[in-house]
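# Architecture at a glance
Next come the chains, spelled out residue by residue.
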Amino acid sequence: MKSIDETMSIYQILSEYPYLLKIFKQHGMEKFENKEVLEKLGPLLKLKTALSMVSLNKDSFIKLLNQAILDNETKSDFTLADSPERQKELTFLALLPCGMKMPFNRAFDDFSTEYSRQINNVLHSLVEGNVNHELSYYAYIDLVTSIDELPDIIVSSDINSFYHKSFQDNFLNKEYFISLAPAPMNIDFESIGFADPRSQFTMISANLLVLVTIDELVKDNTRPGSWEDLLKDEHRNKVVMRGQDGFFCNGVLLPFYRMYGMGGIKKLASSVYTGIHPSEMVKMIDSKKDDVPPMYIMPLFFAKKIQDKSRITINIPSEGAIVSPVQMLVKKSAVERVKEITDFLCGKEFGEISARAFFPTTNPEVNNNLESNLEGSDSLYWLGWDFLMNTDIGALKKEIEEVFNKHFYETGGVV
C-alpha cells in the first residue's frame, strides 16, 4: 500500500483513491466533490496546505486516510466463493439479501471508517450478497467443525446451513453464540415468536415474500387469496419464483412444506413455470407482454421496484407474507470486543435504514410501517422455532429439492 503524506496534492490523492472523498467531505472539504474545482485547484494544492485552511490536525487526518485505504484493500482481499476457509481472518462477515446490500454498505462504510479510526486498527470485514451461496459458502459451512474457523460476527439470510444438524451439533448445542436481540423486540416480530428461545441467533430483520399478480392476466374468480390457492390445478405453469439451474429458493419451499406437506410441494412444482432472480421478475412484469406468467412469488423490496403499479397487485395471502430471516451469530468469547459493531447492527439508525428499504427491523424503536408497506395488511408467516429446532433441516431441504424438481420437470417447467 502506498501511504498518503502531506506533500501529495489533493488531485493526486483523490484520483488514486476516489473513495476518500467522503472523508474529505466529512471534515469540511466538500468543495473537492466539484469536478471543476478538483481539476483546477487540486493539482496545485498540497494536502498540508488544504488541512491548514480548515484547521485540521495534519497527523490525525493523514492517519485516518491511510487507515481507510488499508481497510478498503482488506475488504476486497478475497471472496467467499474462492476462499471460504479464509473467513476465520474476518471479524465481521455479512451475506445479505439483494436489496439490503447497497443501503447496508453505505451505512457500514461510514461506520467502519470511524470505528477503525477509534481503535487504531483495521476492521477486517466482508459483505457479499446471499444469492448463490447456498451452493458454495453454505456447503462449506456444513463441513466446519471448529469455532476458530468462524468470524466473530456472521450476518446471514434465509434458512441456511446455520440451521442444519451438523452446525447445531458442533456449535449451537455447545452454546458458542449469544443473542443480542432486544427483549421485547419490535411488536411486528414479537407477535410471531421471532426471537430465538435458545438465545443464540440474534434476529435482525426479515426479507418478506409476497405474491405479485398482473391484474389483466388474472381473472377475478381465480385471484389467489391464500398461498394454498397457488396449488390449484388451474394455476399450472402460471407462477414464477426465485431459482436457477435446478435450484429453487428454500425461503419459499420450506414454508410451503411446513404449511401443506410434501403433497403441497408436488402441487407447487406443477404451478411453477420457471425460477429466475427477482430482478428478472421485475423486468418480466414491466415488459407488459401478455404471454408472461401472471403470478410471482418475490421479495417485497423487488415488488416495490415494479414501475407501473397500476397493472399489478401486491397480494398478502391469508397466511401472511412469508418471513425469510436475516440473522446474526455473535461468538460469546468476542461479545465485549465487538460490542461497538453489534450495537451498530442492532441499533435504531441501522434499523431505520433497513425498514426504509422494505426490510422490517426487530428494533422496537423503529416503525416498520408494515400495514402501509403490505398494502393494508400486517400479517406475517414465520416457520417457527419448534420446527427449526426439531427438524433435520439440511436433510429435509435435499428431500424437498428432489421431489420439487421431479414434478417441476414432469409438468413442463422451464429452466
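Predicted model only: the values in this text are computed from it and were never measured.

## Brief notes about the overall build of the chain
- Of the regular secondary structure elements, the chain holds 17 helices and 12 strands.
- For 415 residues, the compact-globule estimate of 2.2 N^0.38 gives 22 Å, and the C-alpha radius of gyration of the chain, at 24 Å, lies within 12% of that figure.
- The principal-axis extents of the C-alpha atoms in the chain amount to approximately 75 × 50 × 40 Å.
- Within the chain, buried positions represent 54% of all 415 residues.
- Of the accessible surface of the chain, which amounts to about 18200 Å², a share of 47% is contributed by carbon and sulfur atoms.
- A distance of 3 Å separates the average location of the 44 positive side-chain charges in the chain from that of its 58 negative side-chain charges.

## Thoughts on the domain arrangement of the chain
- If you check the domain split of the chain, you get domain 1 (10-74) and domain 2 (207-321 + 397-411).
- Each of domain 1 and domain 2 was reduced to a C-alpha centroid, and the two centroids are 49 Å apart.

## Re the nonpolar core
- Within the largest apolar cluster, 112 residues are counted, with the highest numbers of intra-cluster contacts made by V212, F256, M298 and F404.
- No other element matches strand 4 (residues 201-214), which puts 10 residues into this core.
- Aside from chain neighbours lying at most four places away, what touches F256 is W227, L230, L231, G261, I265, L268, I297 and I322.
- If you look at the next biggest cluster of nonpolar residues, it comprises 23 residues, including I4, F24, A50 and A68.

## Things to note about the pairing of strand 3 (residues 153-157)
- Counting buried positions along strand 3 gives 5 out of 5 residues, so the element sits mostly inside the fold.
- The alternating pattern of strand 3 places I153, V155 and S157 on one face and I154 and S156 on the opposite face, and all of these are buried.
- For strand 1 (residues 92-96) and strand 3, the ladder comprises 3 bridges, and the chain directions are parallel. Paired with L93 across the two strands is I154, which belongs to strand 3.
- Where strand 3 meets strand 11 (residues 321-330), 5 bridges bridge the pair, whose relative direction is antiparallel. Within the sheet, the bridge partner assigned to S156 lies in strand 11 and is Q327.

## Quick look at the UniProt feature "domain: DUF1858" (unreviewed entry) in the chain
- Per the UniProt annotation, the sites labelled "domain: DUF1858" (unreviewed entry) are residues 4-62.
- Helix makes up 54% of residues 4-62 and strand makes up 0%, while its end C-alpha atoms are separated by 7 Å.

## Observations concerning the environment of W382
- Structurally, the position occupied by W382 is in the loop between strand 12 (380-381) and helix 16 (385-389).
- Take W382: its relative accessible area is 8%, and that puts it in the buried class.
- Once the C-alpha coordinates of W382 and E319 are considered, the two residues, 63 residues apart in sequence, prove to be 9.6 Å apart.
- When residues no more than four places from it in sequence are discounted, the contact partners of W382 are I159, I192, G193, F194, M203, V323, P325 and L388.

## With respect to helix 11 (residues 278-286)
- Those residues of helix 11 lying buried are P278, M281, V282 and I285. Projected down its long axis, helix 11 shows its buried positions confined to an angular sector of 100°, all on one face.
- Contacts made by the buried residues of helix 11 are with strand 4, strand 5 (239-241), strand 9 (295-299), helix 12 (300-303) and strand 10 (312-315).
- After helix 11 finishes, the residue K288 shows a positive phi value of roughly 60°.

## Let's talk about the packing of helix 6 (residues 101-119) against helix 13 (residues 339-346)
- The contact between helix 6 and helix 13 brings their axes to 11 Å, and the two run at 155°. Relative to helix 13, the element helix 6 lies roughly antiparallel. Viewed along their axes, helix 6 and helix 13 form a crossing whose handedness is right-handed. Every residue of helix 13 that contacts helix 6 at F104, A107, F108, F111 and Y115 is listed here: E340, I341, F344 and L345.

## Things to note about the environment of K232
- With respect to the secondary-structure elements, K232 resides in the loop between strand 4 and strand 5.
- Spatially, the C-alpha atoms of K232 and N186 are 36 Å apart, while their sequence positions differ by 46 residues.

## Some details on the pattern of salt bridges
- One pass over the structure, following the stated rule, counts 18 salt bridges.
- D152 is the partner of K331 in a salt bridge, and the nearest nitrogen-oxygen pair spans 3.8 Å. Taken together, the positions of K331 in the loop between strand 11 and helix 13 and D152 in the loop between helix 7 (137-141) and strand 3 put the pair 179 residues apart, joining distant regions of the chain.
- Two residues, E375 and K304, come together in a salt bridge whose shortest N-O distance is 3.3 Å. Of the two residues, E375 sits in the loop between helix 15 (370-373) and strand 12 while K304 sits in the loop between helix 12 and strand 10, which places them 71 residues apart along the sequence.
- Assessed through its relative accessible area of 46%, E375 is described here as partly exposed.
- Several salt bridges converge on common partners, so that one network encompasses D152, K331 and R337.

## Considerations on helix 6
- Taking 1.5 Å of rise per residue, 19 residues should cover 27 Å, and helix 6 covers 25 Å from first to last C-alpha, within 8% of that figure.
- Turning to helix 6, its buried residues are P103, F104, A107, F108, F111, S112, T113, Y115 and S116.

Calculation notes
- Residues numbered from 1 in each chain as written.
- Predicted model: local features only at pLDDT ≥ 70, side-chain atom pairs only at ≥ 80, totals over all residues.
- Heavy atoms only, no water.
- Helix = DSSP H or I, 4+ residues; strand = E, 2+ residues; numbered from the N terminus.
- Rg over C-alpha atoms; globule rule 2.2 N^0.38 Å.
- Buried < 20%, exposed > 50% of the residue type's maximum accessible area, 1.4 Å probe, protein only.
- Areas by Shrake-Rupley, 256 points an atom, 1.4 Å probe, with all protein chains shown as cover.
- Lys, Arg positive; Asp, Glu negative; His and termini not counted.
- Charge placed at Lys NZ, Arg CZ, Asp CG, Glu CD.
- Domains from an automatic or database assignment.
- Core = buried A, V, L, I, M, F, W, Y, C linked by side-chain atoms within 4.5 Å.
- Contact = heavy atoms within 4.5 Å.
- Pairing = 2+ DSSP bridges.
- UniProt positions renumbered as here; feature names shortened; annotations may be inferred.
- Arc of directions from axis to C-beta.
- Axes fitted to C-alpha atoms, helices over the stretch in contact; angles between N-to-C directions.
- Parallel < 35°, antiparallel > 145°, perpendicular 65-115°, else oblique.
- Left-handed = near helix turned anticlockwise from the far one by under 90°.
- Salt bridge = Lys/Arg side-chain N within 4 Å of Asp/Glu carboxyl O.
- Expected span 1.5 Å × (residues − 1).

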